[in-house]
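Next come the chains, spelled out residue by residue.
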Amino acid sequence: MWDRDPHTEAKHDVLKIYLDAWFPIMASRWSTGICYVDAFAGPGEYRDGSVGSPIIALDAACRSEVSQYPTEVQLVFVEKEPDRFAHLESMVVGRDLPQRCHVTRRLGACEEVLLPELDGIKASRGPVFANFDGWGVDTPFELIKRVGQGRRPEVLVTFHSQWFTRFAGQEEVGAGDRVFGDREWRAVADLASPIDKRRYLVDEYRRRLTAAGFPYHLTFELLDEGNHPLFLVFGTTQEVGVEKMKDAMWRVDTVSGSKFRDPRDPNQLAFDLSDGDPNITLLLQQIREQLDQGPKTLVELQQFALLETVFKKVHAKTAVDRLEADGKVTCRRARSYDQFIVERAADSLF
Ligand SMILES: C[S@@+](CC[C@H](N)C(=O)[O-])C[C@H]1O[C@@H](n2cnc3c(N)ncnc32)[C@H](O)[C@@H]1O
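On a predicted model such as this, the values are computed, not experimentally measured, just so you know.

Calculation criteria
- Residues numbered from 1 in each chain as written.
- Predicted model: local features only at pLDDT ≥ 70, side-chain atom pairs only at ≥ 80, totals over all residues.
- Heavy atoms only, no water.
- Core = buried A, V, L, I, M, F, W, Y, C linked by side-chain atoms within 4.5 Å.
- Buried < 20%, exposed > 50% of the residue type's maximum accessible area, 1.4 Å probe, protein only.
- Helix = DSSP H or I, 4+ residues; strand = E, 2+ residues; numbered from the N terminus.
- Domains from an automatic or database assignment.
- Contact = heavy atoms within 4.5 Å.
- Near = heavy atom within 4 Å.
- Polar contact = N/O pair within 3.5 Å; in protein donor to acceptor, adjacent residues only side chain to side chain.
- Nonpolar A, V, L, I, M, F, W, Y, C, P; charged D, E, K, R; others polar.
- Phe/Tyr/Trp six-rings, centres within 6.5 Å; stacked < 30°, edge-to-face > 60°.
- Buried area = accessible area lost by both parts, 1.4 Å probe.
- Salt bridge = Lys/Arg side-chain N within 4 Å of Asp/Glu carboxyl O.

Student: Would you mind showing me how to read the nonpolar core here?
Tutor: One broad trend across soluble globular proteins is that nonpolar side chains are buried collectively. L19, F23, Y36, L75 and F129 are the most contacted members of the largest nonpolar core, which totals 66 residues. Looking at this core, the element that brings in the most residues is helix α1 (residues 6-29), giving ten residues. Counting residues domain by domain, this core receives three or more from each of domain 1 (6-271) and domain 2 (281-344). Excluding residues that lie within four positions of it along the chain, L75 makes contacts with F23, Y36, A57, L58, A61, C101, H102, V103 and T104. Grouped together as the second largest cluster of nonpolar side chains are 38 residues, V78, V128, L143 and F159 included.

Right, here's the structure in full:
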């Protein structure tokens, strides 16, 4: 066991808020069974007694809001280190589980034991939420691809801060090939600036997620008080998944005071997320860049905010109102947002 970093705590808050919604919604809609996977499960507990991701998931799965539905709920935990695995076992064994809730624990490397396990329980027939939270950069793309072949898959992949430096500097090309699933990412070497490299790596990873069956994604960095970043990538088949994950992320900031950063932001602004009075400086800039390419409807800008930034759909309108008040854009208003046109003001020096 080890101490829980503040950014890990924030990530656990995001996970808990998301899974507390995910389990009951999926259980109510899918009679085929639902499955949560923790591929790098850890010991289930930290030194201060706070619980790890597998136990957070188990607690969420055991609630009566979930067990009231007649669907099978499967949880699959994989941990490579025997001591950690034994501790996790001790936290699960003897626990009173609802009748249709099953927990499978496997000691071993996830790249070897996970897929046979998922095949055995026929997890791909129903929704699967797979949490890949390794040390550094361990998640093989092969696993992401296989999870993506299911009917309603979602993945949450954690990358640690050294990800960008190790891959941008091509220090470990073998690890890079495993994480990206091919060698094309190595073209990062042709880029000069660290900012371009970072953006390229994030975009390359997103491109592969789309190809692997996750057309919607959300990438964000969590920063703790010491500014230690944790980079999270969420992939899903449904836009609503991104909306819910983003809600979780915005709610967590008000709880923990952690900061967020958009990994594709060239200026790497870190800011609080708070629904009360959000700091939308970055979004103003991002929307202006979009309008450089031509007029957009408000619906398009809302989609852009939801799917390409750390902001929520609702913030797009706030940003457009602000830009209009500042004379940066002109709006052709319409009752329906898909006919509400926003364009650069003719004399605006963007
Ligand atoms: C960051 S910790 C996981 C923390 C846990 N997800 C949580 O939030 O409480 C990573 C864990 O993955 C385990 N691990 C490392 N490589 C692994 C592999 N190839 N397969 C399964 N587990 C692995 C490590 O022993 C460690 O316990």
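Student: I would appreciate a short explanation of the site of the ligand in the present structure.
Tutor: Among the 20 residues in the neighbourhood of the ligand, the closest are listed as H12, S53, E79, R84 and D133. Within the contact set of the ligand, a nitrogen atom lies 2.8 Å away from a side-chain nitrogen or oxygen of D133. When grouped by side-chain class, the residues that make up the shell around the ligand number eight nonpolar, five polar and seven charged.

Student: What am I meant to see in the packing of aromatic side chains here?
Tutor: Both the distance between ring centres and the angle between the ring planes are used here to describe each pair of aromatic rings. Counted under the stated rule, the structure contains 18 aromatic pairs. Relative to F340, the ring of Y337 has its centre 5.9 Å away and its plane inclined at 75 degrees; by these criteria the two rings are edge-to-face. Aromatic ring contacts, followed pair by pair, group F141, F159, F167, F180, W185, Y205 and F231 into a single cluster.

Student: Could you clarify how one ought to interpret the domain arrangement of the chain in this entry?
Tutor: One widely used convention gives an interface's size as the accessible area the parts lose upon coming together. Looking at the chain, the domain boundaries give domain 1 (6-271) and domain 2 (281-344). With 20 residues of domain 1 at the interface, the matching set in domain 2 holds 14 residues. Approximately 1,400 Å² of surface area, both sides summed, lies buried where domain 1 meets domain 2, with 56% of it carried by carbon and sulfur atoms. Where domain 1 packs against domain 2, one counts three salt bridges.

Student: Got a minute to help me understand the pattern of salt bridges in this structure?
Tutor: When the charged atoms of two side chains lie near each other, side chains of opposite charge can form a pair. Using the criterion set out here, one finds 28 salt bridges in the structure. The residue R344 makes a salt bridge to D292 at a minimum N-O spacing of 3.1 Å. Taken together, the positions of R344 in strand β12 (residues 341-344) and D292 in helix α11 (residues 281-292) put the pair 52 residues apart, joining distant regions of the chain. For D292, a relative accessible area of 45% gives the class partly exposed. Each of D182, E184, E204, R207 and R208 takes part in a single network of salt bridges with overlapping partners.

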